[in-house]
Every structure is written in structure tokens, then in C-alpha cells.
Amino acid sequence: MEGRCTSGLRVWRASQGDYHIPSAFLDAFSMHVVKNLLLDTGGLGNKMQVPLILGIWGPKGCGKSFNVELCCKLLGMQPIIMSAGELEGITTW
């Protein structure tokens, strides 16, 4: 499985236009980002543990990556997106 990882950086080709982001998805995504930024700056102290990786599960083709792209574009972020299969390589042990 070596060499399977891609660069992961996204180009905003698919998300051109005016699309609706489900509010529950945007709220959960934004909260994850804010908690990580606060943790990095010491704003949360040692009171809370926040996972750095955000896992979004769902069936193939339901719009997981697309909604992440829309959220990141809205928040001015550059995501690194990978599939769960890319986390299962020999180098991840």
C-alpha cells in the first residue's frame, strides 16, 4: 500500500457557485475547527481534549468531501482530505 497517499490539497473546482451547507454540518465542522484553534493558542487550557483529525462518515456519494470543501471555502481554510483507506497503510503502524 505504499505510495497510495496523494498530496491531499484541494483545488476549489467543484465548489464554484452558490451551494447550501446544512446548518448542522457547518455548526459541527466550525466547532471542531474553533476548539482546535483555541487548544493551539492555549485558550482552552488543559480542560479539554480535542481530536485534531475530524472523521466524517457516510455512504459513498452522499457529499461528505463536497460539504467539507464548502465549509473550508466559507471559513477561508485549505483542507487536506484523505480517505480512511489512506490511513491503513504499512507506514501508519
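Every value quoted in this text rests on a predicted model; they were computed, and no experiment measured them. (Residues numbered from 1 in each chain as written. Predicted model: local features only at pLDDT ≥ 70, side-chain atom pairs only at ≥ 80, totals over all residues. Heavy atoms only, no water.)

### So, the environment of Val33
- If you trace the backbone, Val33 turns up in helix α1 (residues 23–41).
- C-alpha separation for the pair Val33 and Leu75, spaced 42 residues apart in sequence, amounts to 9.6 Å. (Helix = DSSP H or I, 4+ residues; strand = E, 2+ residues; numbered from the N terminus.)

### Here's the deal with the nonpolar core
- Ile21, Leu26, Phe29, Val33, Val68, Leu70, Cys71 and Cys72 form the largest nonpolar core, which has eight residues in total.
- Those elements that provide at least two residues to this core are α1 and α2 (64–75).
- Residue contributions to this core peak at four residues, all from α2.
- Setting aside its immediate chain neighbours within four residues, Leu26 contacts Ile21, Cys71 and Leu74. (Core = buried A, V, L, I, M, F, W, Y, C linked by side-chain atoms within 4.5 Å. Buried < 20%, exposed > 50% of the residue type's maximum accessible area, 1.4 Å probe, protein only. Contact = heavy atoms within 4.5 Å.)

### A short note on the packing of aromatic side chains
- As enumerated under the stated definition, the model contains one aromatic pair in all.
- For the ring pair Tyr19 and Phe66, a centre distance of 5.0 Å and an interplane angle of 90° mean the geometry is edge-to-face. You can see Tyr19 sitting in the segment before α1 and its partner Phe66 sitting in helix α2, a full 47 residues away along the chain.
- Residue class for Tyr19 comes out partly exposed when judged on its relative accessible area of 42%.
- The exposure class of Phe66 is partly exposed, given its relative accessible area of 27%. (Phe/Tyr/Trp six-rings, centres within 6.5 Å; stacked < 30°, edge-to-face > 60°.)

Spatial relationships are all this shows, so hold off on functional conclusions.
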